[in-house]
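Examining the three-dimensional arrangement
Residue-level listing of the chains:
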Amino acid sequence: MGNDGKTPMLDDLEKGAWPSFVKEIKVAAKKSNTAKDLLGILERSYRDKVTHWKHGGIVGVLGYGGGVIGRYCDLPEEFPGVAHFHTVRVNPPSGFFYTSKALKELCDIWDKYGSGMTNMHGSTGDMIWLGTQTDKLEPIFAEITAKGWDLGGSGSCLRTPSSCVGMARCEFANIDTMDICHTLTHKFQDELHRPAFPYKFKIKVSGCANDCTAAVARADMSIIGTWRDSIRIDQAEVKNYSSKMNIQEEIVGMCPTKCMSFDGGALKINDKDCNRCMHCINQMPKALRPGKERGATIMLGGKAPIVTGALMSWVIVPFMKLEAPYDNLEDLIRKLWEWWDEHGKNRERIGELVDRMGMRSMLESTGLPPVPQMVKAPRTNPYVFWAPGEVK
Amino acid sequence: MADKPKRITDLGSPDYKKFLPPAIAKNYGKWKYHEQLGKGVMKHVSETGDELYTVRIATPRLVSTDYIREMCDIAEKFCGGFLRWTTRHNVEFFPAKDQVDALTADLKKRGHLVGGIGYGISNVVHTQGWIHCHTPATDASGVVKAVMDELHEYFTTKSLPARVRIALACCLNMCGAVHCSDIAILGIHRLPPKVNEATLANQCEIPTTIASCPTGAISPNPATKSVKIKAERCMYCGNCYTMCPSLPIADGSGDGISIYVGGKVSNARGPARMSKLVIPFLPNNPPRWPETVKAVKHLVEVYAANAKKHERMGEWIERIGWERFFKLTGIPFTYQHIDDFTFARDTFRMTPTFKWE
Amino acid sequence: MLHTIRIKGDTIMDAAELQKKVYELVEKNMGKKKMKAGDITKAMEAEGASRDEVKAAIRELVDGGKLVYSYFGGSFIEVPHVEGSANPQQ
Ligand code: HEM
Ligand code: HEM
Ligand code: SF4
Ligand code: SF4
Ligand code: SF4
Ligand code: SF4
């Protein structure tokens with residue numbers, strides 16, 4: 001069966017209320033043969049129920065080990081426009097705010113060299129440009145850098161850090177997530193572009209325990225804002241809310257630490273018992289605000305299933321003050337990398353290394369003290385190891 | 001090397017401060033509270049008394065440059081050319097108060113879906129699928145489109161007891177890290193890669209191909225100058241195919257979709273948790289994946305009918321118990337539901353206290 | 001750029017020589033073992049070079065196009081070549 005230009009299955013996905021990616025490819029196909037053949041090969045996948053892409057491992061721009069994902073199709077004669085179909089990852093600004101001028105400049109560059117199709121954004125947070133050829137990579141790189149943009153990370157390196165919107169538009173932010181993300185991206189340019197780690201390393205920054213970047217699930221280092229003092233209460237506003245919601249049931253009754261009480265007049269919180277879960281603040285943002293002594297909990301180890309199963313990050317620093325230029329955080333990250341570089345096997349994420357070597361090795365080499373906030377409960381098994389010096 | 005022009009490298013991310021709308025730059029870090037004014041509009045109020053309005057729409061994530069230009073034009077018309085993308089592939093505009101209605105009307109007229117804020121279903125975080133990746137077990141954009149064509153009202157108008165976050169990853173590499181979603185749609189392979197002995201010697205480095213397998217399932221096959229795969233060790237990661245194009249893992253009838261539920265990343269009321277398997281396999285049935293659409297819709301509806309206000313899907317299930325969940329949804333419980341990998345024991349019930357229905 | 005002279009035992013190694021050694025190590029292993037930056041660093045440390053010097057040597061070689069980074073589920077450093085996937089004869 002040749003490439004007859006017909007796409008009945010995809011055409012069906014132009015119907016319906018939800019915005020259609022097929023419409024988008026068709027728009028791009030008016031200008032680009034790459035997009036046209038993307039439509040054709042995708043229709044073929046819909047018919048065959050298999051992918052038609054092969055991995056390309058050594059395409060990229062000079063000097064960088066990341067930022068480009070190589071792709072070739074397995075039907076190049078039928079679909080020459082996508083014989084090469086490499087992806088370019090462009091590092092976005094923190095918080096994904098843009099001006100129309102900057103975006104339009106980027107669109108012009110991409111239309112000139114690529115399919116005109118993009119992902120806004122990929123799951124790591126990069127702007128993703130889908131579909132170009134090897135010989136276009138250097139010209140694309142030259143044009144985006146001339147406009148002040150750079151590639152993001154891919155490979156065994158620091159991946160493009162990302163953050164929630166934080167202080168730019170969220171009253172819950174306990175730390176300046178966007179600035180932390182931006183500053184770390186700049187401190188670690190070498191680690192981002194020149195892969196030297198055992199495997200990938202992701203950093204995500206969320207301003208509170210709502211964790212809008214899903215840092216706990218998908219970052220090796222999850223930086224999550226929190227506070228140490230008391231929730232600020234505006235009792236007049238509590239009163240206003242009490243006419244709109246059942247505070248006893250929806251707030252007090254659902255507080256996981258049972259540290260609140262409400263007598264119909266004033267709302268009381270026993271802050272020593274509060275674990276800062278955010279539930280009450282989410283529901284009554286006008287009445288309740290995080291405290292004033294703010295910082296972040298640093299967690300380590302989150303990752304998707306490959307190889308030994310998915311992990312969620314766990315606490316390694318219960319509270320860290322984070323103020324520009326965040327040297328304390330940089331210092332900790334560099335120490336962690338050193339330990340991982342020293343002991344990590346090929347394709348071993350840092351969380352898996354902690355699993356294999358134990359928390360103690362990591363804590364000793366980074367100088368972090370063991371504290372109860374690190375565990376749900378102390379161990380139950382009696383296989384306790386003592387270091388030689390500890391037994392006197 | 002001296003004869004080459006100087007290339008610019010290591011610029012990193014552009015300075016976000018250049019891109020902040022003036023109202024945000026001025027009130028950065030000073031926001032006091034917000035109010036939801038509808039499914040697609042919210043208002044933030046600053047300590048300075050300033051107000052910021054946000055209007056949110058859904059995008060298909062996979063968009064053309066012309067789509068981005070349209071967004072830019074809208075931003076120029078209504079909010080000084082400033083706009084923002086969210087982590088869930090929505091676009092946000094920041095109109096002045098007296099422009100909110102005009103903007104919303106304009107967006108609707110152009111066919112965009114305004115919504116995604118508050119208790120309902122926001123946009124679906126998803127991966128590449130057949131659009132670009134070499135290891136997918138299903139498509140991504142097509143499944144999302146089919147599911148959301150059915151559920152779009154939860155984005156624009158209808159409410160649910162709490163947020164329902166849906167995510168899709170097209171293989172177990174889980175680029176979208178879907179494993180902490182209320183409903184996770186996950187592509188799965190069920191057959192190990194096929195060895196193409198005719199091309200392997202030409203296309204692949206045998207030692208590095210063997211080394212690429214995380215589980216050590218691949219061994220040399222000197223007789224055919226190729227490799228063998230021990231089927232029972234393979235967990236279908238596709239890494240060998242990454243290394244060696246003569247080991248394709250995709251299979252039209254072996255591949256399909258599984259569904260996990262009850263995860264979340266927020267810590268409100270209880271810690272973040274992973275999603276759990278409820279439907280081990282549904283076939284790939286493009287272009288509309290009717291089995292998957294029906295299953296997701298059913299899960300949302302059973303949840304909506306039974307959960308208490310503010311209860312996320314996982315919290316609801318934990319309250320009623322998994323045994324009742326399977327009863328209520330009518331989903332059959334099978335061998336596949338019982339974990340047999342590294343963390344299996346943690347999932348076994350170590351008490352005789354449970355419910356019957 | 002770094003032009004340190006290293007002395008280990010009685011061998012003297014300058015930056016150019018370290019680059020040559022790095023290149024040879026990668027070339028020798030092509031097709032047998034994909035070398036990671038970490039593998040190269042450990043091998044060269046054993047020859048007396050420091051971590052930063054190896055890093056600089058790799059960077060010079062890669063910036064000059066003599067070696068390239070590759071990505072096959074993990075990142076490696078290789079001599080540039082045409083890869084199997086790019087080969088249309090499949
Ligand atoms: C260790 C497991 C993983 C492997 C082997 C893996 C592999 C890949 C591959 C092969 C691609 C290329 C897809 C394409 O053709 O464009 C890709 C894309 C991508 N991956 Fe992963 N991935 C893994 C985990 C993750 C995780 C946990 C995240 C997110 C936190 C992530 C984020 C991304 C992003 C942003 C892309 C670009 C395309 C997209 O967003 O869908 N990956 N990954
Ligand atoms: C009521 C106050 C809240 C505000 C102002 C807020 C704000 C935001 C914003 C601005 C985003 C990014 C926009 C988007 O992704 O569409 C977001 C995403 C998100 N929020 Fe919230 N949020 C709030 C509460 C919550 C709560 C209570 C939860 C969980 C129960 C939550 C969980 C999430 C998640 C999971 C994401 C998406 C992360 C992802 O991309 O996967 N948020 N939130
Ligand atoms: S993580 Fe917290 S601070 Fe950041 S956007 Fe979400 S609710 Fe706001
Ligand atoms: S933040 Fe959570 S634990 Fe603290 S008082 Fe509010 S609901 Fe209770
Ligand atoms: S989830 Fe798997 S198939 Fe999908 S883009 Fe990621 S690696 Fe590719
Ligand atoms: S798919 Fe993964 S586990 Fe299976 S043989 Fe290939 S590399 Fe090994």
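Residues numbered from 1 in each chain as written. Chains lettered and ligands numbered in written order. Predicted model: local features only at pLDDT ≥ 70, side-chain atom pairs only at ≥ 80, totals over all residues. Heavy atoms only, no water.

So, on to the environment of serine 219 of chain B. Residue and element names in this part refer to chain B. Within the secondary structure, serine 219 is located in strand β10 (residues 218–221). A C-alpha to C-alpha distance of 8.0 Å links serine 219 and lysine 230, two positions 11 residues apart in sequence. Ignoring sequence-local partners within four residues, the contact set of serine 219 consists of Ile210, Val227 and Lys228. (Helix = DSSP H or I, 4+ residues; strand = E, 2+ residues; numbered from the N terminus. Contact = heavy atoms within 4.5 Å.)

A lone protein donor binds the iron atom of ligand 1: Cys175 of chain B (SG), at 2.3 Å. Looking at where cysteine 175 of chain B falls in the secondary structure, it is placed in the loop between β8 (166–169) and β9 (183–188). (Donors = N, O, S within 2.8 Å, 3.2 Å for Na, K, Ca; no water.)

Below, the discussion takes up the site of ligand 4. Near ligand 4 you find 13 residues, and of these Cys255, Thr257, Cys274, Cys277 and Cys280 of chain A are the closest. When the residues that make up the shell around ligand 4 are grouped by side-chain class, the tally is 9 nonpolar, 3 polar and 1 charged. (Near = heavy atom within 4 Å. Nonpolar A, V, L, I, M, F, W, Y, C, P; charged D, E, K, R; others polar.)

Once that is clear, we can look at the interface of chain C and chain B. Counting from both sides, the interface comprises 14 residues of chain C and, opposite them, 12 residues of chain B. Both faces combined, the contact of chain C with chain B buries some 1200 Å², and carbon together with sulfur accounts for 52% of it. Remark: the boundary between chain C and chain B carries 2 salt bridges. Applying the counting criterion to the chain C and chain B interface returns 1 residue pair in polar contact (both at pLDDT 80 or more). Taken together, the residues of the side of chain C that touches chain B break down into 1 nonpolar, 8 polar and 5 charged. (Buried area = accessible area lost by both parts, 1.4 Å probe. Salt bridge = Lys/Arg side-chain N within 4 Å of Asp/Glu carboxyl O. Polar contact = N/O pair within 3.5 Å; in protein donor to acceptor, adjacent residues only side chain to side chain.)

This brings us to the sheet that holds strand β8 (residues 203–206) of chain A. Residues and elements named next belong to chain A. Spatially, the 5 strands line up as an open sheet ordered β7-β8-β9-β14-β15, and their pairing is mixed. Whereas interior strands pair on both sides, the edge strands pair on one side only; in this sheet they are β7 (162–163) and β15 (314–320). Bridge count for β7 against β8 is 2 bridges, and the pairing is parallel. Across the sheet, residue serine 162 finds its bridge partner in β8, namely lysine 204. (Pairing = 2+ DSSP bridges.)

A few words on the coordination of the iron atom of ligand 2. Donation to the iron atom of ligand 2 from the protein comes from one atom only, Cys212 of chain A (SG), at 2.6 Å. Here cysteine 212 of chain A shows up in the loop between β8 and α8 (215–218).

Turning our attention to the confidence of the model for chain C. Residues and elements named next belong to chain C. Scored by pLDDT, chain C has a mean of 84; 81% of the residues are at 70 or more. No element of chain C has a lower mean pLDDT than strand β1 (residues 6–8), at 54, and none a higher one than helix α1 (residues 15–29), at 95. Overall fold confidence for the complex sits at a pTM of 0.90, while the interface term, ipTM, reaches 0.94. (pLDDT = per-residue confidence, 0-100.)

Now for the packing of aromatic side chains. Taken as a whole and assessed by the stated rule, the structure comprises 26 aromatic pairs over all chains. Note on tyrosine 98 of chain A and tryptophan 85 of chain B: the rings are 5.9 Å apart at their centroids and 85° apart in plane angle, and the pair reads as edge-to-face. One end of the pair, tyrosine 98 of chain A, is in strand β4 (residues 97–99); the other, tryptophan 85 of chain B, is in strand β5 (residues 82–85), on a second chain. By relative accessible area, which is 1% here, tryptophan 85 of chain B ends up buried. Ring centres 5.1 Å apart and planes at 45° place the aromatic pair phenylalanine 197 of chain A and tryptophan 340 of chain A in the tilted group. Residue phenylalanine 197 of chain A is found in the loop between α7 (189–193) and β8, and its partner tryptophan 340 of chain A is found in helix α12 (residues 327–343); the two are separated by 143 residues along the sequence. A single burial state applies to phenylalanine 197 of chain A and to tryptophan 340 of chain A, both of which are buried. In this arrangement the basic side chain of arginine 84 of chain B is found over the ring face of phenylalanine 97 of chain A, its NZ or CZ atom lying 5.6 Å from the centre. Across from the ring centre of phenylalanine 76 of chain C, 5.3 Å away, lies the NZ or CZ of lysine 36 of chain C, which sits over that ring. (Phe/Tyr/Trp six-rings, centres within 6.5 Å; stacked < 30°, edge-to-face > 60°. Buried < 20%, exposed > 50% of the residue type's maximum accessible area, 1.4 Å probe, protein only. Lys NZ or Arg CZ within 6 Å of the ring centre and 35° of its normal.)

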